[in-house]
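One letter stands for each residue in the lines below.
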Amino acid sequence: MKIMKKINLKPNHRRSFSSSMYLLEKLMKEIKDELSEKEPIRMQTIKQDLSEGKKKAVLQAVSDVEQEIARLADKYQLTRQELVESHFLNSRKSKAWEILNDSLSKRMNGFGEFPPELAKEFDDDIDRLLKLVSKL
């Protein structure tokens, strides 16, 4: 078994590279989830045009990338992103709130005049979603 040399990056470089590896790992998880036929989301349809052979090859490549991320994390002594559940939840709630508030009829006027006769009902629907999101 070959002993891997550990490389000690400067803290600013370690943070930057750790962030890059974190984002790459998240992308690999997203690819794996989509190709592994996880439960689809309501607002997205994926037209399956990859052969089973291609999917298998891509999933193997994803696995290879994940293994390389693990190797580099060890080699360069990368720091893991620490996520506190409550902070994660609050950040996602804030993002959902921002998205929904940007969807109100008065904000939609940037895409052309929103039909005034639909504005109240539309905004009431957005408000209902905002109340549901606030329960997260």
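Quick note: structure is the one above.
A short tour of the structure in this document, coming up.

Calculation rules
- Residues numbered from 1 in each chain as written.
- Predicted model: local features only at pLDDT ≥ 70, side-chain atom pairs only at ≥ 80, totals over all residues.
- Heavy atoms only, no water.
- Salt bridge = Lys/Arg side-chain N within 4 Å of Asp/Glu carboxyl O.
- Helix = DSSP H or I, 4+ residues; strand = E, 2+ residues; numbered from the N terminus.
- Buried < 20%, exposed > 50% of the residue type's maximum accessible area, 1.4 Å probe, protein only.
- Axes fitted to C-alpha atoms, helices over the stretch in contact; angles between N-to-C directions.
- Parallel < 35°, antiparallel > 145°, perpendicular 65-115°, else oblique.
- Contact = heavy atoms within 4.5 Å.
- Nonpolar A, V, L, I, M, F, W, Y, C, P; charged D, E, K, R; others polar.
- Phe/Tyr/Trp six-rings, centres within 6.5 Å; stacked < 30°, edge-to-face > 60°.
- Left-handed = near helix turned anticlockwise from the far one by under 90°.
- Expected span 1.5 Å × (residues − 1).
- Arc of directions from axis to C-beta.

**Brief notes about the pattern of salt bridges**
Phase 1 of the analysis: Scanning the entire structure with this criterion turns up 10 salt bridges.
Phase 2 of the analysis: The salt bridge involving lysine 131 is made with aspartate 127; its shortest N-O contact spans 3.0 Å. Placement of both lysine 131 and aspartate 127 in helix 5 (residues 116-134) is noted, with a separation of four residues, approximately one turn of the helix.
Phase 3 of the analysis: Accessibility expressed as a relative area gives 32% for aspartate 127, which makes it partly exposed.

**Brief notes about the packing of helix 3 (residues 85-101) against helix 5**
The relative placement of two packed helices is expressed as an angle between their axes plus a distance between the axes.
Phase 1 of the analysis: Where helix 3 meets helix 5, the axes come as close as 10 Å, and the angle between the chain directions of the two elements is 175°. Put simply, helix 3 runs roughly antiparallel to helix 5. For the pair helix 3 and helix 5, contact is made by Lys93, Ala96, Trp97, Leu100 and Asn101 and by Ile126, Leu129, Leu130, Val133 and Ser134, respectively.
Phase 2 of the analysis: The class makeup of the residues in the contact of helix 3 with helix 5 is seven nonpolar, two polar and one charged.

**A few points about the packing of aromatic side chains**
Phase 1 of the analysis: This structure, assessed with the given rule, holds two aromatic pairs.
Phase 2 of the analysis: Arranged with centres 4.8 Å apart and planes meeting at 50°, the rings of phenylalanine 114 and phenylalanine 122 form a pair that is tilted.
Phase 3 of the analysis: The class of phenylalanine 114 is buried, set by a relative accessible area of 16%.
Phase 4 of the analysis: In this structure phenylalanine 122 comes out as partly exposed when scored by relative accessible area, which is 25%.

**Here we look at the packing of helix 1 (residues 11-35) against helix 2 (residues 52-75)**
Phase 1 of the analysis: The interhelical angle for the contact between helix 1 and helix 2, taken along N-to-C directions, is 155°, at an axis separation of 10 Å. Classified by the angle between their axes, helix 1 and helix 2 sit roughly antiparallel to one another. Both helix 1 and helix 2 take part in a crossing whose hand is left-handed. Seen from helix 1, the contacting residues are Phe17, Met21, Leu24, Glu25, Met28, Ile31, Lys32 and Leu35; seen from helix 2, they are Lys55, Val58, Leu59, Val62, Val65, Glu66, Ile69 and Leu72.
Phase 2 of the analysis: Across the contact of helix 1 with helix 2, the residue classes break down as 12 nonpolar, no polar and four charged.

**Some points on helix 2**
Phase 1 of the analysis: For helix 2, built from 24 residues, the straight-helix expectation of 34 Å at 1.5 Å per residue is met to within 8% by its first-to-last C-alpha distance of 34 Å.
Phase 2 of the analysis: Buried residues of helix 2: Lys55, Val58, Val62, Ile69 and Leu72, and no others.

**A word on the environment of lysine 32**
Phase 1 of the analysis: Inspection of the secondary structure puts lysine 32 in helix 1.
Phase 2 of the analysis: Taking relative accessible area as the criterion, lysine 32 reaches 32% and is therefore assigned partly exposed.
Phase 3 of the analysis: Not counting chain neighbours up to four residues away, the residues in contact with lysine 32 comprise Leu59, Val62 and Glu66.

**Regarding helix 5**
Because an α-helix packs 3.6 residues into every turn, residues spaced three or four apart end up facing the same way.
Phase 1 of the analysis: Taking 1.5 Å per residue, 19 residues should reach 27 Å; helix 5 reaches 27 Å between its end C-alpha atoms and fits that length.
Phase 2 of the analysis: Among all positions of helix 5, only Ala119, Ile126, Leu130 and Val133 are buried. The arc enclosing the buried residues of helix 5, seen along the axis, measures out at 55°, which places them on a common side. Exposed side chains of helix 5 directed beyond 90 degrees from the buried face belong to Glu117, Lys120, Glu121 and Lys131.
Phase 3 of the analysis: Those residues of helix 5 that are buried lie in contact with helix 3 and helix 4 (105-108).

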